[in-house]
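Below are the chains, spelled out letter by letter.
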Amino acid sequence: MTVYAGSAYASLVMGDQVDSGVYTSPEVFEQEMRRIFGRTWIFIGHASEVPNPGDFKTVQIGQWPLLMTRHSDGLVRVLFNVCRHRGSKVCYDAFGNTNSFMCMYHGWTYDTAGALNAVPLLDHMNDLDMSSHGLVKVARVETHRDFVFASLSPEGPTLAEHLGRGTYYLDVMTDRAPDREIHATRPIRYEYDGNWKLQFENYCDNYHPWYLHNSAISVGVQMMKEKYGDIFASSRRSDAIAVERSFGAAHSMTDFAGTRGAMWMDAYSDPAFLEALERRDGPERAKELLDLDWHIMIYPNLLLHTRLNHYRVINPVAVDHTEVTAYACKLGGASDQVNDRLVKNTAHHVSALGEIQVDDMQAFNWVQKGLTSGAVERVNFKLRGGNEHWNDDGEYEWTGASETMMRFQYQEWARLMSDEAR
Ligand code: FES
Ligand SMILES: [Fe+2]
């Protein structure tokens, strides 16, 4: 692993060990917001969250209150949710539909493209040029297959350069829908007292499930055996092994195909769903798409799950506090039965009353408390995968659980935290 030595922050990464201050230091957090979230491409939302003109959602990424809108021209905008008069927020709801945003403080009013179109007592103002006092636009906004990303920096790599091979995974995530469109539903939101990177790392941590989630897994396996008997056993291929891949800029994925067995409530069992994919792509590709079981991580704040069909957005609030929103997605062209089950499966897995995510959040809390104690100077990412190699798609690939993805993430973290990164 390359260690970037461009700043004191980069030196906190020492190959397969990382200084515990990267999780606990408010100064590191502040610099992460400036150098990572303030500079690279961050995921804002999926265009299907604002399907109609006038739709909006608000999102807080780090210290930045943002507004994603769809204007009457049909285009999606990403704006700062900050009034140009004296700085209040102008939109206070998580989502909704409106013609305009009126600031609650003195009533300045903006349209959904951010233009300032009403100012109380305008006649009494000193030369206020309304046309130059619209809501501030985020420096760059680009979209790939309706996934909307923003960069607060006017310079730097394009979204396509940033995503690299990630575009392929977002394409497949979308192409699993018979009509090649996914539709986000209202999110599940959870918060934990821990650093934002704990969630990102956890999503590619296939070392922990049999320990941390042991109770949920053992009860689940027992229930599945009682419900499905031998069918459940045969749905898990004995020769299947998870494959992990890292592909540029700290993005990564795990391919679990065949390793996790059937689900209690299989969303894809509606024969019409497979038939629709077969008609479109032929039987072989249709089966592959049906069985797809990927975790995809787009650095620094987007996690996607093909099987439960959701995406999660990580919002760092403070060095020791993080908010995550999980959006179950419906598959365009699939039946209501398929889509209802996808939404329920995401809720069962991810919500505060779900069977899996609560374990992870408890672990995040313990890690944050443990590292804050100062007892441990460095954390370890030493686990290697089997047969690590570069594959034909230019990805670094290996089999089985590892901490290799985390090592790549910290290599990129160190690069971004260095002074000269672009
Ligand atoms: S701060 Fe918004 S109208 Fe005054
Ligand atoms: Fe977990």
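Everything numeric in this text was worked out from a predicted model, so none of it was measured.

Draft legend 1. Focus on the domain arrangement of the chain. Taken domain by domain, the chain consists of domain 1 (44-156) and domain 2 (164-417). One C-alpha centre belongs to domain 1, the other to domain 2, and the line joining them spans 32 Å. Across the side of domain 1 that touches domain 2, the residue classes break down as two nonpolar, five polar and two charged.

Draft legend 2. Spotlight on the confidence of the model for the chain. Residues at a pLDDT of 70 or more form 95% of the chain, whose mean pLDDT is 92. For the stretch residues 1-5, pLDDT sits under 50, and the model shows 14 contacts to residues farther than four places along the chain or on other chains.

Draft legend 3. Geometry of the sheet that holds strand β10 (residues 116-118). Taken in spatial order, the three strands line up as β8-β9-β10 in an open sheet, and their pairing is antiparallel. Of all the strands in the sheet, just β8 (100-102) and β10 have a single pairing partner and so form its edges. Geometrically, the sheet is characterised by an average inter-axis angle of 35° between neighbouring strands, direction not taken into account. Where strand β9 (residues 109-111) and β10 come together, two bridges link them in antiparallel fashion.

Draft legend 4. Summary view of the environment of Leu383. By secondary structure assignment, the location of Leu383 is in the loop between β21 (378-380) and β22 (386-390). Remark: the alpha-carbon pair of Leu383 and Met417, spanning 34 residues in sequence, is separated by 24 Å. Non-local contacts of Leu383, meaning those with residues more than four positions away in its chain, are made with Tyr207, Ala401, Ser402 and Glu403.

Draft legend 5. Seen up close, the pairing of strand β14 (residues 188-192). Of the two faces of β14, only one is covered, namely that formed by Ile188, Tyr190 and Tyr192; the face formed by Arg189 and Glu191 stays uncovered. Where β14 lies against strand β20 (residues 321-331), five bridges are found, and the strand directions are antiparallel. The residue bridging Tyr192 from the neighbouring strand is Thr322, located in β20.

Draft legend 6. Unusual backbone geometry, seen in detail. Cis geometry is found at the peptide bond from Tyr299 to Pro300, where omega equals 5°. Along the polypeptide, Pro300 turns up in the loop between β17 (294-298) and β18 (302-305). You will see that Asp146, though not glycine, has its phi angle at about 75°, which is positive. Examined against the element boundaries, Asp146 turns out to sit in the loop between β11 (140-144) and β12 (147-151). With 17 C-beta atoms counted inside 10 Å, the residue Asp146 sits in the partly exposed group. Of note, the phi angle at Asn309 is positive, near 60°, even though the residue is not glycine. Residue Asn309 is classed as buried on the basis of its 27 C-beta neighbours within 10 Å.

Draft legend 7. Molecular detail of helix α4 (residues 166-175). The set of residues buried in α4 consists of Gly166, Tyr169 and Met173. Down the axis of α4, the buried set is contained in an arc of 60°. They therefore lie on one face. Those residues of α4 that are buried are in contact with α3 (159-163), β16 (252-255), β17 and β18.

Draft legend 8. Representation of the sheet that holds β21 in the model. Taken together, the three strands give an open sheet; going across it, the order is β1-β2-β21, and neighbouring strands pair in antiparallel fashion. Sheet topology places β1 (13-14) and β21 at the edges, where each strand pairs with a single neighbour. Relative to strand β2 (residues 17-19), β1 runs antiparallel, the two being bridged by two bridges. Bridge pairing in β2 places Met14 opposite Gln17.

Draft legend 9. Quick look at the pairing of β20. With respect to burial, β20 is a largely interior element, eight of its eleven residues being buried. In this structure, strand β13 (residues 182-184) lies alongside β20, joined through three bridges in antiparallel fashion. Bridged to His183 within β20 is Lys330. As paired elements, strand β19 (residues 310-318) and β20 share eight bridges and run antiparallel to each other. Paired with His310 across the strands is Ala328, a residue of β20. What sits between the antiparallel neighbours β19 and β20 is a turn of two residues.

Draft legend 10. Seen up close, helix α7 (residues 214-228). The end-to-end C-alpha separation of α7 is 21 Å, in line with the 21 Å expected for 15 residues at 1.5 Å each. With zero of its 15 residues buried, α7 lies for the most part at the surface. Looking at the residues trailing α7, positive phi occurs at Gly229, about 55°.

Draft legend 11. Seen up close, the nonpolar core. The biggest cluster of nonpolar side chains holds 98 residues, and the ones touching the most others in it are Ile44, Met68 and Met297. Ranked by residue count, the leading element in this core is helix α13 (residues 404-417), at eight residues. A domain split of this core shows at least three residues from each of domain 1 (44-156) and domain 2 (164-417). Not counting chain neighbours up to four residues away, the residues in contact with Ile44 comprise Val59, Leu66, Met68, Val78, Val148, Phe149 and Ala150.

Draft legend 12. Region of the structure containing the environment of Ser269. Structurally, the position occupied by Ser269 is in the loop between β16 and α9 (271-281). Between the alpha carbons of Ser269 and Gln337 there is a distance of 9.2 Å; along the sequence they are 68 residues apart.

Draft legend 13. Layout of the packing of α9 against helix α10 (residues 283-291). Packing of α9 against α10 leaves a shortest axis separation of 7 Å and a crossing angle of 135°. Comparing their axes, α10 and α9 come out oblique. Here α9 and α10 pass one another in a crossing that is right-handed. Contact residues: α9 offers Leu274, Leu277, Glu278 and Asp281, while α10 offers Pro283, Arg285, Ala286, Leu289 and Leu290. Its residues assigned to classes, the contact of α9 with α10 shows six nonpolar, no polar and three charged.

Here is what the cut-offs are and how they apply
Note on numbering: residues in each chain are counted from 1, in written sequence order. The lettering of chains begins at A and the numbering of ligands begins at 1, in the order of writing. Where totals are concerned, whole chains, interfaces and linings use all residues; where local detail is concerned, this predicted model gives features only for residues with pLDDT of at least 70, and gives and counts side-chain atom pairs only at 80 or more. The split of the chain into domains comes from an automatic or database domain assignment. Residue classes follow a fixed rule: Ala, Val, Leu, Ile, Met, Phe, Trp, Tyr, Cys and Pro count as nonpolar, while Asp, Glu, Lys and Arg count as charged, and any other residue, Gly among them, counts as polar. The pLDDT value expresses, per residue, how confident the predictor is, ranging between 0 and 100. Our contact criterion uses C-beta atoms placed from the backbone: two residues qualify when those atoms are within 7 Å. Following DSSP output, two strands are said to pair if at least two bridges run between them. A helix here means a DSSP run of H or I that spans at least four residues, while a strand means a run of E at least two residues long, and both kinds are numbered starting from the N terminus. Each axis is a line fitted through C-alpha atoms, taken for helices only over the stretch in contact, and angles between the N-to-C directions span 0 to 180 degrees. Counting other C-beta atoms within 10 Å of a residue's C-beta gives its exposure: the residue is buried at 20 or more, exposed at 12 or fewer, and partly exposed in between, where C-beta atoms are placed from the backbone. Throughout, the arc means the angular range of directions from the helix axis out to the C-beta atoms. Expected helix span is taken as 1.5 Å per residue step, with the number of steps being one fewer than the number of residues. The term nonpolar core refers to a group of buried residues, namely Ala, Val, Leu, Ile, Met, Phe, Trp, Tyr and Cys, whose C-beta atoms join them within 7 Å. Here roughly perpendicular refers to angles of 65 to 115 degrees, roughly parallel to angles under 35, roughly antiparallel to angles over 145, and oblique to all remaining angles. Should the near helix be turned counterclockwise from the far one by less than a right angle, the crossing is left-handed, whereas a clockwise turn marks it as right-handed.

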